[in-house]
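These are the residues of each chain, in order.
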Amino acid sequence: PFEPPKPKTKHKLHITSPEAYEQLYQQEQAYFRDMVQRCKDSGATVVMCQWGFDDEANHLLYAAGLTAVRWVGGVEMEHVSMATGARIVPRFEDLTPECLGTATAVHEMAVGGSERMLWIEQDRTPAVTVLVRGGNRMVTAEVERSLHDAACVVRNLLRDNTVVFGGGAAEVAASRA
């Protein structure tokens, strides 16, 4: 017989006095300080989080001299991991020096009007980012398609450097003969 899933229990917090609030605040501070210390102990200088973190944690990271980036998308997090050699860790308890990646520089840069992008520079990984901008979506889509075609040509040449000439090459060769 089918049993419906049991409802998840929700934890409720009842603060009934200023002292209870202060105790909760101190527990939260201790938790955040522990997280920041784990980051420092691992040797990290930049902390990125996919789900974001509290403003208080952000402040403590800044006060500890750690650059913090919150709300990094999952795909972007994977790209950062691949480019820097870092391992994505789900919990602070899992953070070790072996999990860290390397980068020459991490900084924020204005791109066009009010857009800001995070740039991660390094010397060791042969990775390139091409920023495509245009007057409208049709122009940028065409540039992206052209760049994709060019990258595929280079990939195919690296796989097999045999070239079959086209674009009238046969006719030119015949006329020369």
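The structure this text deals with has already been given above.
Residues numbered from 1 in each chain as written. Predicted model: local features only at pLDDT ≥ 70, side-chain atom pairs only at ≥ 80, totals over all residues. Heavy atoms only, no water.

A. Examining the overall build of the protein chain more closely. What the protein chain contains, in helices and strands, is five helices and four strands. The helix and strand sequence of the protein chain, counted from the amino end, reads α-β-α-β-α-β-β-α-α. Over its C-alpha atoms the protein chain spans a radius of gyration of 26 Å, topping by over 25% the 16 Å that the globule rule assigns to 177 residues. Referenced to the eigenvectors of the C-alpha coordinate spread, the extents of the protein chain come out at roughly 95 × 55 × 35 Å. Counting across all 177 residues of the protein chain, residues that qualify as buried make up 15%. Considering only contacts within the protein chain whose residues lie at least 6 apart along the sequence, 32% involve residues at least 24 apart. Accessible area of the protein chain: about 14400 Å², with a carbon and sulfur share of 57%. (Helix = DSSP H or I, 4+ residues; strand = E, 2+ residues; numbered from the N terminus. Rg over C-alpha atoms; globule rule 2.2 N^0.38 Å. Buried < 20%, exposed > 50% of the residue type's maximum accessible area, 1.4 Å probe, protein only. Contact = heavy atoms within 4.5 Å. Areas by Shrake-Rupley, 256 points an atom, 1.4 Å probe, with all protein chains shown as cover.)

B. A look at a nonpolar patch on the surface. The grouping of L13, I15, Y21, L24 and Y25 at the surface amounts to a nonpolar patch, some 470 Å² of accessible area in total. Note on placement: Y25 falls in helix 1 (residues 18-42). (Patch = residues over 30% accessible without salt bridge, like charges linked within 9 Å, V, L, I, M, F, W, Y side chains within 5 Å. Salt bridge = Lys/Arg side-chain N within 4 Å of Asp/Glu carboxyl O.)

C. Spatial organisation of the state of the cysteines. Enumeration according to the criterion identifies zero disulfides in this entry. Here C49 stays free of any disulfide, with the sulfur of C39 as its closest cysteine sulfur at 9.7 Å. (Disulfide = S-S within 2.5 Å.)

D. Here's a closer look at the packing of helix 1 against helix 2 (residues 55-63). The interhelical angle for the contact between helix 1 and helix 2, taken along N-to-C directions, is 45°, at an axis separation of 10 Å. With respect to each other, helix 1 and helix 2 are oriented oblique. Crossing geometry of helix 1 relative to helix 2 is assigned as right-handed. Here helix 1 contributes Y25, Q29, F32, R33, M35 and V36 to the contact with helix 2, which in turn contributes E56, A57, L60 and L61. Grouping the constituent residues of the contact of helix 1 with helix 2 by class yields seven nonpolar, one polar and two charged. (Axes fitted to C-alpha atoms, helices over the stretch in contact; angles between N-to-C directions. Parallel < 35°, antiparallel > 145°, perpendicular 65-115°, else oblique. Left-handed = near helix turned anticlockwise from the far one by under 90°. Nonpolar A, V, L, I, M, F, W, Y, C, P; charged D, E, K, R; others polar.)

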